[in-house]
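# Structural description and commentary
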Amino acid sequence: MATQTAQVAVETTVTDAVARARAAAAWWAGQGWDGRRRALLAWKRTLAARIEQLADQIRDETGKPHGDAVLEVMLAVEHLDWAARNARRVLRRRKVPSGLLAANHAASVGYEPLGVVGVIGPWNYPVYTPLGSISYALAAGNAVVFKPSEHTPGVGRWLAAAWAEAVPHEHGPAVFQAVTGGGEVGAALCRAGVDKLAFTGSTATGRKVMAACAETLTPVVVEAGGKDALIVAADADLDAAARAAAFGGFGNAGQTCAGVERVYVERSAYEPFLAKLGELARGTTPGEEPDARYGRMTTPTQAAIVAAHIDDAIAKGGRAVVGGPGSVRPPFVDPVVLAEVPEDSLAVTEETFGPTVVVNPVRDLDEAVERANASRYGLAASVFTGSRRTAVELASRLRAGAVSVNAVLGFAAVPALPFGGVGDSGFGRIHGADGLREFSRPKSVTRQRFTAPIDLLRLDRSPAALQRAAKLFHLRHARG
Ligand code: NAD
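Small disclaimer: the values here were computed from a predicted structure and weren't measured.

Reading the values: rules and limits
- Residues numbered from 1 in each chain as written.
- Predicted model: local features only at pLDDT ≥ 70, side-chain atom pairs only at ≥ 80, totals over all residues.
- Heavy atoms only, no water.
- Helix = DSSP H or I, 4+ residues; strand = E, 2+ residues; numbered from the N terminus.
- Polar contact = N/O pair within 3.5 Å; in protein donor to acceptor, adjacent residues only side chain to side chain.
- Contact = heavy atoms within 4.5 Å.
- Pairing = 2+ DSSP bridges.
- Axes fitted to C-alpha atoms, helices over the stretch in contact; angles between N-to-C directions.
- Core = buried A, V, L, I, M, F, W, Y, C linked by side-chain atoms within 4.5 Å.
- Buried < 20%, exposed > 50% of the residue type's maximum accessible area, 1.4 Å probe, protein only.
- Near = heavy atom within 4 Å.
- Nonpolar A, V, L, I, M, F, W, Y, C, P; charged D, E, K, R; others polar.
- Domains from an automatic or database assignment.
- Salt bridge = Lys/Arg side-chain N within 4 Å of Asp/Glu carboxyl O.
- Parallel < 35°, antiparallel > 145°, perpendicular 65-115°, else oblique.
- Left-handed = near helix turned anticlockwise from the far one by under 90°.
- Phe/Tyr/Trp six-rings, centres within 6.5 Å; stacked < 30°, edge-to-face > 60°.
- Lys NZ or Arg CZ within 6 Å of the ring centre and 35° of its normal.
- Expected span 1.5 Å × (residues − 1).
- Arc of directions from axis to C-beta.

Let us now look at the side chain of Asp-81. Looking at the element boundaries, Asp-81 is found in helix H4 (residues 66–91). Separated by 3.0 Å, the side chains of Asp-81 and Lys-44 make a polar contact. Those residues within four positions of Asp-81 in sequence are excluded, and the remaining contacts are Leu-41 and Lys-44.

The structure is reproduced here in structure tokens:
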């Protein structure tokens, strides 16, 4: 009974928030490109001016070092700025060619707001990740109801409070609201009649979100997990590759959706690369100090998953080059480098989300691509090579939403680039022009300018007109 009452309370809270958002959405859409841009840039300035305070909030809830939190906000603000400044250019109504059959019509397409967008976020980058949806949805003219992770509710509330302050109009606060709580609040948001639901989190929860949204045919964006591979070619700068693998693998305690979890190295570079990465791993320790390389595992359950993957890799014949089962000392996990790990191990097939990296040798780059693509995930990938040609070829062959060459996570800092995965990493795109369109509805308009010489769109169409049109059609398509 008590649970049922709690569930009703959750649904009421969420439904009320969506109803408030719906009323405010009309006002927000009516602000036009300039009004929305001004409001978004005012919010941006608040975030930028109070970056230290927001970073403290992130650190307190996630355990990541303050510096990492600052960097996260900086990246998020770049995206917010881009979305605010580019929405008009990308989404405004524009003419399109009307083609031969409709040459007497003027044709145009414009992108309209959907209305209210629900955003469900994870805890690992509690500002950067959800703002990838929120900034673009707001810039496209939608109101947003945001459900932050239950591990980072304070960050969600902070963002909404900063918004309300930056947009001091009676409807302002309802344009962007945060509703906090666990999965039950997320589930209620899926069923609350929003016009689109942007989910970022694990693949397993993504499935539940899709199932709930299916009940009301609510469209979804799913930004889910990853098992990203880094490929090291024999001609690569091995120092740079090892540094990138260490940053992508151990940074944020490995709790990065597009972090490095697997490394495939061409045989001749394998031992030197492993030695370099091993040295970097041994020199890296997590901690609570502001200048620690990375912090604690954010959630208590994550350390157990990491331990299980390490144990399984070793039991299946993998070699722990740095660390091992003893590296898991909750809430911290020291860096772990696992080598020659069988491809059917959990550490290769499942998202580990911890500071562990699997390094396996490959015969050649074909085998590297084959193994990288063998995952059911496909979020991002990295390639290290001294050859631009090889880089271009590998980037096109990798089954991933984004590829970074001679660096890791390069795409995350480019607001104009869309971000999203394939397979179990999800679908739909945030960021860039595609991200703006993801939260818009294209509307096509044609306007007849004059009556067509061959007018077919009428009930009393003459057979001779159709015959003439069919002749032209034949000339154009059967021969052309
Ligand atoms: P999670 O799936 O446990 O939770 C994500 C969000 O979903 C939380 O807000 C949670 O409360 C909510 N939720 C839980 N059950 C729900 C339900 N039944 N209905 C609706 N919402 C529900 O994920 P997490 O542990 O918070 O985040 C880590 C995961 O997120 C990792 O898999 C990581 O790879 C992924 N991630 C992906 C991206 C990306 O852009 N692709 C970015 C960051 C994180």
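This next bit is on the sheet that holds strand S10 (residues 319–322). In space, the 7 strands of this open sheet follow the order S10-S13-S14-S9-S8-S16-S17, with mixed pairing throughout. Pairing within the sheet leaves two strands with one partner each, and these edge strands are S10 and strand S17 (402–405). Along the sheet, successive strands turn relative to each other by an average axial angle of 25 degrees, direction set aside. Against the sheet, helix H10 (residues 238–250) contacts strand S8 (229–232), strand S9 (262–266), strand S13 (336–339), strand S14 (356–362) and strand S16 (380–384), and its axis sits at roughly 140 degrees relative to S14.

The next subject is the nonpolar core. Formed by 66 residues in total, the largest nonpolar core has its most connected members in Trp-43, Leu-47, Leu-138, Leu-159 and Phe-176. The biggest single contributor to this core is H4, with 12 residues. Dropping the residues within four chain positions of it, Trp-43 is found in contact with Leu-80, Leu-131, Ile-134, Leu-138, Leu-159, Ala-162, Trp-163, Ala-166 and Phe-176.

Our next topic: the site of the ligand. The ligand sits among 29 residues. The nearest are Lys-147, Glu-150, Ser-202, Thr-205 and Glu-351. Within the contact set of the ligand, an oxygen atom lies 2.5 Å away from a side-chain nitrogen or oxygen of Glu-351. Secondary-structure elements contributing two or more residues to the shell around the ligand are helix H8 (183–190), strand S6 (196–200) and helix H9 (203–214). Of the residues contributing to the shell around the ligand, the split by class is 12 nonpolar, 12 polar and 5 charged. Formed jointly, the shell around the ligand draws a minimum of three residues from each of two domains, domain 1 (2–224 + 429–440) and domain 2 (229–415).

This next bit is on the pattern of salt bridges. With the rule as written, the count across this model stands at 28 salt bridges. Among the ionic pairs, Glu-165 bridges to Arg-50, the shortest N-O distance being 2.6 Å. Taken together, the positions of Glu-165 in helix H6 (residues 153–166) and Arg-50 in the loop between helix H2 (32–49) and helix H3 (51–62) put the pair 115 residues apart, joining distant regions of the chain. Accessibility expressed as a relative area gives 31% for Arg-50, which makes it partly exposed. Between Arg-319 and Glu-340 there is a salt bridge, and its shortest N-O distance comes to 2.9 Å.

Quick look at the packing of H3 against H6 now. At their nearest, the axes of H3 and H6 sit 8 Å apart, and the two run at 160 degrees to each other. As judged from the angle between their axes, H3 and H6 are roughly antiparallel. Judged by the twist between their axes, the crossing of H3 over H6 is left-handed. Residues Gln-53, Leu-54, Gln-57, Ile-58 and Glu-61 of H3 touch H6, and the partners they reach there are Pro-153, Gly-154, Val-155, Trp-158 and Leu-159. Of the residues that constitute the contact of H3 with H6, the class distribution is 6 nonpolar, 3 polar and 1 charged.

This part is about the packing of aromatic side chains. Enumeration according to the criterion identifies 9 aromatic pairs in this entry. Relative to Trp-163, the ring of Trp-43 has its centre 5.2 Å away and its plane inclined at 90 degrees; by these criteria the two rings are edge-to-face. Of the two residues, Trp-43 sits in helix H2 while Trp-163 sits in helix H6, which places them 120 residues apart along the sequence. When its relative accessible area of 0% is taken as the criterion, Trp-43 is described as buried. Summarising the aromatic geometry, the rings of Phe-411 and Phe-419 are spaced 5.9 Å apart at their centres and angled 20 degrees between planes, so their arrangement reads as stacked. Look at Phe-419 and you get buried, because its relative accessible area is 11%. One aromatic cluster is present, formed by Trp-27, Trp-28, Trp-43, Phe-146, Trp-163 and Phe-176 through successive ring pairs. Here Arg-36 stacks its cationic end above the ring of Trp-33, 5.0 Å away from the centre of that ring. One residue, Arg-437, lies across the ring of Tyr-111, its end atom 5.6 Å from the ring centre.

Across its 12 residues, H3 extends 16 Å between first and last C-alpha, which sits within 8% of the 16 Å expected from 1.5 Å per residue. Listed in full, the buried residues belonging to H3 are Ile-51, Leu-54, Ala-55, Ile-58, Glu-61 and Thr-62. Looking straight down H3, one finds that the buried residues subtend no more than 135 degrees of arc, so they occupy a single side. Residues of H3 that are buried in the fold lie against H2, H4 and H6. With its phi angle positive at about 85 degrees, Gly-63 sits one or two positions after the end of H3.

Moving on to the environment of Pro-290. Residue placement: Pro-290 occurs in the loop between helix H11 (267–282) and helix H12 (302–315). Sequence separation between Pro-290 and His-66 is 224 residues; the distance between their C-alpha atoms is 5.7 Å. Residue contacts for Pro-290: discarding those within four places in its chain leaves Pro-65 and His-66.

The sheet built from 6 strands is open, its strands ordered S5-S4-S3-S6-S7-S19 with mixed pairing. Edge positions in the open sheet fall to strand S5 (176–178) and strand S19 (426–427), since each of these has one partner strand only. Sheet analysis places strand S4 (residues 143–147) next to S5, joined by 3 bridges and oriented parallel. Pairing of Phe-146 across the sheet is with Ala-178, part of S5. Helix H5 (residues 128–139) contacts strand S3 (116–120), S4, S5 and S6 of the sheet and is inclined by roughly 165 degrees relative to S4. H6 contacts S4 and S5 of the sheet and is inclined by roughly 150 degrees relative to S5.

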